[in-house]
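The residues making up each chain are set out below.
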Amino acid sequence: QVQLVESGGGLVQAGDSLRLSCTGSGRTFSNYAMGWFRQAPGKEREFVAACNWSGGSTDYADSVKGRFTISRDNTKNTVYLQMNSLKPEDTAVYYCAAERGFLTTPQAMGVMPTSDMDYWGKGTLVTVSS
């Protein structure tokens, strides 16, 4: 069982930066590929970024490539999402997700149904004003 807790959301202006954190409980955090997803009001949850168990392989949605960076520190059971050059369309609740397996690729996390993810956090709200 893994519990995920996101933090770092808030209200910022367009062009600003934010860093989200997601900390997992348990001693097996490094066994999981980790991903960030977001859900805007009235829209479906969508993939943002993911990394494999080590953080050595990453993948991003086209809408955030070049602006967002996912990283992880397995010694701290934490995955991060550095968000730069934020835009109003980035406004959403951001969720982290965990998918078990050393062979789970970030690309796979980007296409698998969200209902298939092993664990989800409760989300953190990011609001970007214009």
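Below is a summary of the structure that appears in this document. Here the structure is a predicted model, which means the values were calculated and not measured.

Right, let's talk about the nonpolar core for a bit. One finds Met34, Trp36, Leu81, Met83 and Tyr94 to be the most contacted residues of the largest nonpolar core, which totals 38 residues. Sorting the residues of this core by element identifies β3 (18-24), β4 (32-39), β5 (46-51), β7 (68-73), β8 (78-83), β9 (92-100) and β11 (124-129) as the ones contributing at least two each. Every residue in contact with Met83, bar those within four places of it in the chain, is listed here: Asp16, Ser17, Leu18, Leu20, Arg67, Phe68, Tyr94 and Val126.

Attention now moves to the pairing of β11. Alternating residues of β11 divide into Thr124, Val126 and Val128, all buried, and Leu125, Thr127 and Ser129, none buried. For strand β2 (residues 10-13) and β11, the ladder comprises 4 bridges, and the chain directions are parallel. Bridging from a neighbouring strand, Gly10 pairs with Val126 of β11. One ladder, built from 3 bridges, connects β9 with β11; its direction is antiparallel. Across the sheet, the residue bridging to Ala92 is Val126, located in β11.

Take the environment of Ala50 next. Relative to the assigned elements, Ala50 resides in strand β5. Each C-alpha atom of the pair Ala50 and Ala33 lies 7.3 Å from the other, and the pair is 17 residues apart in sequence. Once residues within four sequence positions are removed from consideration, Ala50 is found in contact with Met34, Gly35, Ser57, Thr58, Asp59, Ile70, Pro106 and Met109.

Let us look at unusual backbone geometry. The backbone of Asn77 sits at a positive phi, close to 55 degrees, despite the residue not being glycine. Mapped onto the secondary structure, Asn77 falls in the loop between β7 and β8. In this model, Ser85 sits at a positive phi of 50 degrees, which is unusual for a non-glycine residue. Note on placement: Ser85 falls in the loop between β8 and β9.

Conventions we followed
- Residues numbered from 1 in each chain as written.
- Predicted model: local features only at pLDDT ≥ 70, side-chain atom pairs only at ≥ 80, totals over all residues.
- Heavy atoms only, no water.
- Core = buried A, V, L, I, M, F, W, Y, C linked by side-chain atoms within 4.5 Å.
- Buried < 20%, exposed > 50% of the residue type's maximum accessible area, 1.4 Å probe, protein only.
- Helix = DSSP H or I, 4+ residues; strand = E, 2+ residues; numbered from the N terminus.
- Contact = heavy atoms within 4.5 Å.
- Pairing = 2+ DSSP bridges.

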